[in-house]
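# Structural overview for review
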Amino acid sequence: MAFLEVKNIQKSFGKTEVLKNIGFSLEKGEVLAIIGSSGSGKTTLLRCINFLETPQKGVISVGGDVLFDGDDPSKKKDNEIRKNRLHFGMVFQQFNLFPQYTVFENLILAPKLLAKEKIKQNGDYMGASTYKEAVELINREAEQLLKKVGLTEKRDEYPCNLSGGQQQRVAIARALALNPDVLCFDEPTSALDPELTGEVLNVIRGLKSSDSTMIVVTHEISFARDVADKVIFMADGVIEEEGTPQQVIENPQSPRTQAFLSRFNQYSD
Amino acid sequence: MDFWSITLQLFEGFKANCYLFGITLLGALPLGLIISFGSMSPFFPLKALCRTFVWIIRGTPLLLQLFVVYYIPPMITEGAFRIEDRMTAAVIAFIINYAAYFSEIYRGGIEGIPKGQYEAGYVLGMKKSQIFFKVVLLQVIKRIVAPMSNEIITLVKDTSLANFILVEDILKYANDFRVQGLIWPVFYTGAFFLLFCGLLTILFRFVERKLDFYKG
């Protein structure tokens, strides 16, 4: 069984069926790129995996644990969903940093709240047995994450004083601060100027070498080709084609994939 | 009557205005929050009820509402029930009226927070209450300071309407002088309101500056 298993996901908004029986699997440390035109369901799929949307049907499991089962109402309880969300990190197109907190505070807010809860419950947060120890651990880790995304000197700035690219790097560090099993990116560079996309893509590329399992919804085809282990092309709520980047991007079989990619190739190279 | 003793007498009346102002704020600020949650509720009957309430209160004059609170209960109970104290009647009418206005300001502030802020909290494993208190609340406060200050300054001046149900406020004292043939204290009351509003303006500007440490 693969590390991440997503099976038979069905999601409709009213009468519109957005995801029609989607399934894929991913091994630990692999990077999956999801490409496809707007409205094909890529973002909805990612939101279902993060439980921001509740699919009508389907099963999601990580490391053998079933986190969601459309037929099992006990998996749809608020508290259960909140716990299961922690398996996934999410980086949004619009960054969604908390504006009233500094870069550093953005990173440590959620881990501190979680540590307080965990220590109250079972006296342990990632090896720390007191809240004070946990906070020290969280702070140390946050400093390291800032270094990883190259923003140590922006530690005490507010998000409004950062460029879009810097904000997105903070958002990536914030998602990593909770050590998710799978990190998801929803068009992480679509809201950025072309000259800022590079710095964000480089950070994501850097994470690949540190063994993070990632799902990236993107329009950056060359990035998908270079970084992904696996590529999915979605169209109209189904997986039209999937495989290695060589298979899907270099040598697509489906006419729809071919048409989609040829539109991209017109402008690049 | 010299200037200072008239000032002191008017101030005696102005205490009633200050009292009405303070109690109205104490009551209307929390009540408005409750109504705003009601008018954003997914439960339709509650939402309809709250929005209808706001529509009626905002759609009729405060002065009329004062009369309703003071005169209607004895009329329909044939004298069995009346609010004896005129100030209490004024407080009730003012709290209801201002809660309706405040609720709309709260609603605007809360609904103006981008959905992404909540979603960012959710994917970071935060509880709904944590998202409200740690992420959203300060942003809402920053958004509503300006409209709130506006409304609160209006309240200062509206307190003089209580005079119509014979609450002994500053205008009542001024009117007593007028009846005795001394007209200028009536106009002098304006200075009291001006001074009060001036202080509030300074206070609100201070709060706005305090919240100016971030944008967005």
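Attention in this report is confined to the structure presented alongside it. (Residues numbered from 1 in each chain as written. Chains lettered and ligands numbered in written order. Predicted model: local features only at pLDDT ≥ 70, side-chain atom pairs only at ≥ 80, totals over all residues. Heavy atoms only, no water.)

A word on the overall build of chain A. From N to C terminus, chain A includes nine helices and ten strands. The C-alpha atoms of chain A give 19 Å as radius of gyration, which agrees with the globular expectation for 269 residues (18 Å, within 12%). Projecting the C-alpha coordinates of chain A onto the three principal axes gives extents of approximately 60 × 45 × 35 Å. For chain A, buried positions account for 55% of its 269 residues. Within chain A, counting contacts between residues at least 6 apart in sequence, those at least 24 apart form 64% of the total. Per element, the accessible surface of chain A, about 11900 Å² overall, is 45% carbon and sulfur. Within chain A, one finds 32 positive and 37 negative side-chain charges whose respective centroids are separated by 5 Å. (Helix = DSSP H or I, 4+ residues; strand = E, 2+ residues; numbered from the N terminus. Rg over C-alpha atoms; globule rule 2.2 N^0.38 Å. Buried < 20%, exposed > 50% of the residue type's maximum accessible area, 1.4 Å probe, protein only. Contact = heavy atoms within 4.5 Å. Areas by Shrake-Rupley, 256 points an atom, 1.4 Å probe, with all protein chains shown as cover. Lys, Arg positive; Asp, Glu negative; His and termini not counted. Charge placed at Lys NZ, Arg CZ, Asp CG, Glu CD.)

Judged by nonpolar contacts, the single largest core of 138 residues is most densely connected at Leu4, Phe24, Phe88, Ile172, Phe185 and Ile215 of chain A. Among the nonpolar cores identified, the runner-up in size contains twelve residues, and Ala228, Ile249, Phe260 and Leu261 of chain A belong to it. (Core = buried A, V, L, I, M, F, W, Y, C linked by side-chain atoms within 4.5 Å.)

All right, on to the packing of aromatic side chains then. Enumeration according to the criterion identifies 21 aromatic pairs over all chains in this entry. Taking 6.1 Å as the distance between ring centres and 70° as the angle between the ring planes, the aromatic pair formed by phenylalanine 51 of chain A and phenylalanine 88 of chain A counts as edge-to-face. With phenylalanine 51 of chain A in the loop between helix H1 (42–49) and strand S4 (57–62) and phenylalanine 88 of chain A in strand S6 (residues 88–91), the pair connects residues that are 37 residues apart, well separated along the chain. Judged by its relative accessible area of 2%, phenylalanine 88 of chain A falls in the buried class. Arranged with centres 5.1 Å apart and planes meeting at 45°, the rings of phenylalanine 233 of chain A and phenylalanine 260 of chain A form a pair that is tilted. Of this pair, phenylalanine 233 of chain A sits in strand S9 (residues 230–235) while phenylalanine 260 of chain A sits in helix H9 (residues 255–267), and the two are 27 residues apart along the sequence. Phenylalanine 260 of chain A carries the same exposure label as phenylalanine 233 of chain A, and that label is buried. Through a chain of ring-to-ring contacts, three or more aromatic side chains come together here, namely Phe3, Trp4, Phe14, Phe21, Trp184, Tyr188, Phe192, Phe193 and Phe196 of chain B. (Phe/Tyr/Trp six-rings, centres within 6.5 Å; stacked < 30°, edge-to-face > 60°.)

All names here are of chain A. Scanning the entire structure with this criterion turns up 19 salt bridges over all chains. One salt bridge connects glutamate 250 with arginine 225, and the closest N-O pair in it is separated by 3.8 Å. Note that glutamate 250 is positioned in helix H8 (residues 245–250) and arginine 225 in helix H7 (residues 221–227), a separation of 25 residues in sequence. Residue glutamate 250 is classed as partly exposed on the basis of its relative accessible area of 49%. Judged by relative accessible area, arginine 225 falls into the partly exposed class, the value being 30%. Note that arginine 256 is salt-bridged to aspartate 236, the shortest N-O span being 3.0 Å. (Salt bridge = Lys/Arg side-chain N within 4 Å of Asp/Glu carboxyl O.)

Looking only at helix H2 (residues 78–85) of chain A, the buried set comprises Ile81, Arg82, Asn84 and Arg85 of chain A. For H2 of chain A, the angular spread of the buried residues around the axis is 170°, confining them to a single face. Contacts made by the buried residues of H2 of chain A are with strand S5 (65–69), S6 and helix H3 (103–122) of chain A together with helix H5 (115–123) of chain B. (Arc of directions from axis to C-beta.)

A separate point is the packing of helix H1 (residues 3–39) of chain B against helix H8 (residues 184–210) of chain B. All names here are of chain B. Relative orientation of the contacting elements H1 and H8 amounts to 50°, with a least axis distance of 10 Å. Between H1 and H8, the angle is such that the two are oblique. Classified by chirality, the crossing of H8 by H1 is right-handed. Contacts between H1 and H8 involve Phe3, Ile6, Thr7, Leu10, Phe11, Phe14, Asn17, Cys18 and Phe21 from the first element and Trp184, Pro185, Tyr188, Thr189, Phe192, Phe193, Phe196 and Leu200 from the second. Of the residues contributing to the contact of H1 with H8, the split by class is 14 nonpolar, three polar and no charged. (Axes fitted to C-alpha atoms, helices over the stretch in contact; angles between N-to-C directions. Parallel < 35°, antiparallel > 145°, perpendicular 65-115°, else oblique. Left-handed = near helix turned anticlockwise from the far one by under 90°. Nonpolar A, V, L, I, M, F, W, Y, C, P; charged D, E, K, R; others polar.)

The next thing to look at is the packing of H1 of chain B against helix H4 (residues 86–111) of chain B. What describes two packed helices is the angle between their axes and the distance between those same axes. Residues and elements named next belong to chain B. In contact at an axis separation of 5 Å, H1 and H4 are set at 45° when each is read in the N-to-C sense. Overall, the two elements H1 and H4 adopt an arrangement that is oblique. Two packed elements cross with a definite hand, and for H1 against H4 that hand is right-handed. Taken together, the residues of the contact of H1 with H4 sort by class into 21 nonpolar, six polar and one charged.

Contacts between the two partners involve 24 residues from chain A and, on the opposite side, 21 residues from chain B. In total, chain A and chain B occlude about 2100 Å² of area from one another, counting both sides; carbon and sulfur atoms represent 65% of this. Counting across the interface, chain A meets chain B through two salt bridges. Put simply, aspartate 78 of chain A and lysine 128 of chain B hold a salt bridge, and the shortest N to O gap is 3.5 Å. At the boundary of chain A and chain B, one finds eight residue pairs in polar contact (both at pLDDT 80 or more). Those elements that provide at least two residues to the side of chain A that touches chain B are H2, S6 and H3 of chain A. (Buried area = accessible area lost by both parts, 1.4 Å probe. Polar contact = N/O pair within 3.5 Å; in protein donor to acceptor, adjacent residues only side chain to side chain.)

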